[in-house]
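Each chain is listed here by its residues.
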Amino acid sequence: MNGKVLLVDDEPHITRNLEKVIPWEMLGLTVGGTAKNGMEALELLESEAFDLVLCDIRMPVMDGLELVRHIREKGTESDIIMLSGYQDFAYTRAAIQYGVKDYVLKPIPYDELTGVIARVMANQRQKKKQQSEERQKIGRMIDLASEKVLYDILMDYTEVTSGNWLFSGEEQELDKKYVLIVLDLDVSSERTKDWREWSDKERKLWNFAVCNVLRERLQQNGLHHAVIQIRDGEWCVLIECEKSQCYDLKQITAWTELLLSAVKNHVKLSLYAGIYRDYADVTALSQAYKLVQQGMQLTPVQEQIAVYPDDRVGSSREDQAFWDTSEKLIGAVKRGDTVVVDDELKRLTTQLQRMNETSLGRFKPMLHFFVLNLMRETKEMGIFSREQEDLLWLKLDRRFGIKDLLSVILQVTKAVAEKSTDKKKQSERSMSEAKAFLGRNLYRDLSVEEAATHVGLSTSYFSLLFKQTYNETFIEYVTRERMEKAKSLLADTMKSIAQIAKEVGYAERRYFTKVFMKYTGENPTDYRNKHQQNASGQAAKEGDGEWES
């Protein structure tokens, strides 16, 4: 697509010659308008955008220098080449002050002018390319930061209120609404037995590949999104929608089918999908996710795509009681809370004992599914050796009776109990090492995945332990540490803001400034001026006191 040039000269034959002689198409430009003076040119510039302005200096009504001054005051980004019959340094100096790209003397040497235009436009295109790449980079950084925050929201690790500084910036508005889709791997399927045999490294690569496929397909469809891996084989896809947009289940199902198809074609895995029945705003995301996850886990025969909560089939009290117990039991296992584990196991056994044969038959697949999910959680925690894990999977593959399923649960929870003390000490050591690792590496881009890998934990288990240990999420902790260090550097040193940004882990000064303003309510320059002035004033007072004494 060609750019547009505006020709401004009070001599009509000059504009006609410029239109005819200069090879505009070769230069990637078209003549979008002509004007006889600065006033006419301003009117054209207000109605449409021009990439380049060729402008005479001496013109009636408004001369070229006055036109350029108005252009710059309005913030118009057009490049400007001045044309003049006057070889006067005063004009040249004024033109340079207004950011004019070049200054060509009349009579116009057209070959020379063609070369000047080509150089100016090449620089402009290079600048636009760099700006576009910078915007994309900053946009991706914001998206990645958003995904980390959204993970904490889904897991209910962070408080979602307007008072939380993490949500006070333009990229984290609380009035956004999302489509929520949960994608899950059926770990009991024959097609996924290879997954269970893969090493941790292979599974991480596989999870990474699925995330990339999902992001790429969503991007191809122009959907502003976040893809959040909840654990091995489970992802939550959030698609941001316009506030005025009506919920269209048919369209959302079509998006889901595209995602499932993309994963199957590129990663050779079949996933199940659960769609939340309505839009969810940021404050409702955690509850919406739990409802979809609950629906998927309490469905004995799972459809590939289902909508939750299912208004047609209400959950019975028994279903809900089973879900509540299993959720508490898995949570207690992850925390290593043996007292709660014992209590919930007794409650689960009591619930099963009260059921008749029909109910037990209906609950057997659900209990089997629960045990599979318990296995997935303990795998991330590293409770079992590879041999022990293989034996448990072998038992589960037989789909045996309820007593046998309860036996597996007891075996898993007993293993947790035996290791809970060691695990607690190990967890404390891991979190202490994680904190030291973060302190050493604040100067560079850090991800929760890298920190978790450094201490040998899965991302989801690391996030849970970090929140429990430090009472704030990973991103809250890292950002706060970076901002506090930045505040200290701004107040106590004369390092440039760009240098400080890099020292606290932000490659882009503009992104650092956004985060700093969210955290402190001030931009870095104002913060520095205020605090260094305060320090100077305090020093002066102390000096006066010494003088008086």
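Look above for the structure.
Residues numbered from 1 in each chain as written. Predicted model: local features only at pLDDT ≥ 70, side-chain atom pairs only at ≥ 80, totals over all residues. Heavy atoms only, no water.

With that settled, the discussion passes to the overall build of the protein. Along its length, the protein carries 20 helices and 11 strands. A total of 549 residues make up the protein; the buried ones form 48% of that total. Within the protein, counting contacts between residues at least 6 apart in sequence, those at least 24 apart form 69% of the total. Of the roughly 28100 Å² of accessible surface on the protein, a fraction of 49% belongs to carbon and sulfur atoms. (Helix = DSSP H or I, 4+ residues; strand = E, 2+ residues; numbered from the N terminus. Buried < 20%, exposed > 50% of the residue type's maximum accessible area, 1.4 Å probe, protein only. Contact = heavy atoms within 4.5 Å. Areas by Shrake-Rupley, 256 points an atom, 1.4 Å probe, with all protein chains shown as cover.)

Reading across from one edge, β2-β1-β3-β4-β5 is the order of the five strands in this open sheet, with parallel pairing throughout. If you trace the sheet from one side to the other, it starts and ends with β2 (29–35) and β5 (102–105), each paired once. The mean inter-strand angle of the sheet, taken between neighbouring strand axes irrespective of direction, is 20 degrees. Relative to β5, strand β4 (residues 79–84) runs parallel, the two being bridged by four bridges. Across the sheet, residue Met82 finds its bridge partner in β5, namely Tyr103. Contacts from helix α2 (residues 38–47) reach β1 (3–8), β2 and β3 (52–56) within the one sheet, and its direction differs from that of β1 by about 160 degrees. Helix α3 (residues 64–73) rests against β1, β3 and β4 of the sheet, and its axis sits at about 170 degrees to β4. (Pairing = 2+ DSSP bridges. Axes fitted to C-alpha atoms, helices over the stretch in contact; angles between N-to-C directions.)

Within a regular beta strand, the side chains point alternately toward one face of the sheet and then the other, so they alternate between its two faces. Note that β1 and β2 share six bridges and pair parallel. Within β2, the position partnered with Gly3 by the bridge is Leu29. Handedness of the crossover is the feature at issue here: the chain leaves β1, passes through helix α1 (residues 12–21), returns alongside β2, and the resulting connection is right-handed. (Right-handed = clockwise from strand over helix to strand, strands pointing away.)

Here we come to helix α11 (residues 338–353). For α11, built from 16 residues, the straight-helix expectation of 22 Å at 1.5 Å per residue is met to within 8% by its first-to-last C-alpha distance of 22 Å. For α11, the full list of buried residues reads Val341, Glu344, Leu345, Leu348, Gln351 and Leu352. What you see down the axis of α11 is that its buried residues fit within an arc of 125 degrees, all on one side. In α11, the exposed positions angled more than 90 degrees off the buried face are occupied by Val339, Lys346 and Gln353. (Expected span 1.5 Å × (residues − 1). Arc of directions from axis to C-beta.)

With five of its six residues buried, β1 lies for the most part within the structure. Taken together, the four bridges between β1 and β3 define a ladder with parallel strand orientation. By the bridge assignment for β3, Leu7 is matched with Leu54.

Before going further, it helps to spend a moment on the environment of Gln297. Position of Gln297 among the secondary structure elements: in helix α9 (residues 285–297). A sequence separation of 70 residues divides Gln297 from Leu367, and the C-alpha atoms of the two residues are 9.4 Å apart.

Now for the pattern of salt bridges. Under the definition given, this model contains 18 salt bridges. The partner of Lys290 in a salt bridge is Asp156, with the nearest N and O atoms 3.9 Å apart. Of the two residues, Lys290 sits in helix α9 while Asp156 sits in the loop between α5 (110–154) and β6 (177–185), which places them 134 residues apart along the sequence. Across the pair Lys530 and Glu522 runs a salt bridge whose closest N-O atoms are separated by 3.1 Å. Overall, the relative accessible area of 37% leaves Lys530 in the partly exposed class. (Salt bridge = Lys/Arg side-chain N within 4 Å of Asp/Glu carboxyl O.)

Next up on the list: the environment of Asn2. As for its placement among the helices and strands, Asn2 is situated in the segment before β1. Considering only alpha carbons, one finds Asn2 and Trp24, 22 residues apart in sequence, at a separation of 9.3 Å. Residues contacting Asn2, with those up to four places away along its chain left out, are Gly28, Leu29 and Thr30.

So, on to the packing of helix α17 (residues 474–492) against helix α19 (residues 509–520). Between α17 and α19, whose axes approach to 10 Å, the crossing angle comes to 95 degrees. One finds that α17 runs roughly perpendicular with respect to α19. Taking contact as the criterion, the partners of Thr479, Arg480, Met483, Glu484, Ala486, Lys487 and Leu490 in α17 are, on α19, Phe512, Val515, Phe516, Tyr519 and Thr520. Across the contact of α17 with α19, the residue classes break down as seven nonpolar, two polar and three charged. (Parallel < 35°, antiparallel > 145°, perpendicular 65-115°, else oblique. Nonpolar A, V, L, I, M, F, W, Y, C, P; charged D, E, K, R; others polar.)

Once that is clear, we can look at empty space enclosed by the protein. Summed over the entire model, instances satisfying the criterion amount to three cavities of 30 Å³ or more. Of the volumes computed, that of the largest cavity is approximately 50 Å³. If you go around the largest cavity, the residues you meet are Val182, Asp184, Arg231, Glu234, Gln293, Met296 and Gln297. For the lining of the largest cavity, the secondary-structure elements that each account for two or more residues are β6 and α9. No other element matches α9, which puts three residues into the lining of the largest cavity. Classifying every residue of the lining of the largest cavity by side-chain character gives two nonpolar, two polar and three charged. (1 Å grid on protein atoms, 1.4 Å probe; cavity = no way out; pocket = protein on both sides within 12 Å on 5 of 7 lines; lining within 4 Å. Points joined across faces, edges and corners; volume = space filled by probe spheres on them.)

The tendency in soluble globular proteins is for nonpolar side chains to be buried as a group. Formed by 45 residues in total, the largest nonpolar core has its most connected members in Leu180, Leu238, Leu285, Leu438 and Phe462. Beyond its immediate chain neighbours, meaning those up to four positions away, Leu180 contacts Leu154, Cys236, Val237, Leu238, Gly274, Ile275, Tyr276, Leu285, Ala288, Tyr289 and Val292. Membership of the second largest hydrophobic core comes to 29 residues, among which are Val179, Cys211, Trp235 and Val267. (Core = buried A, V, L, I, M, F, W, Y, C linked by side-chain atoms within 4.5 Å.)

Enumeration according to the criterion identifies 12 aromatic pairs in this entry. With a centroid separation of 5.7 Å and an interplanar angle of 40 degrees, the aromatic rings of Phe462 and Phe466 are classed as tilted. Taken as a pair, Phe462 and Phe466 lie in helix α16 (residues 459–470) at a separation of four residues, close to a single helical turn. Here Phe462 falls in the buried class, since its relative accessible area comes to 0%. Taking 5.8 Å as the distance between ring centres and 50 degrees as the angle between the ring planes, the aromatic pair formed by Tyr506 and Phe512 counts as tilted. In this arrangement the basic side chain of Lys4 is found over the ring face of Phe50, its NZ or CZ atom lying 5.3 Å from the centre. We note Arg482 situated over the ring of Tyr506; from NZ or CZ to the ring centre the distance is 5.3 Å. (Phe/Tyr/Trp six-rings, centres within 6.5 Å; stacked < 30°, edge-to-face > 60°. Lys NZ or Arg CZ within 6 Å of the ring centre and 35° of its normal.)

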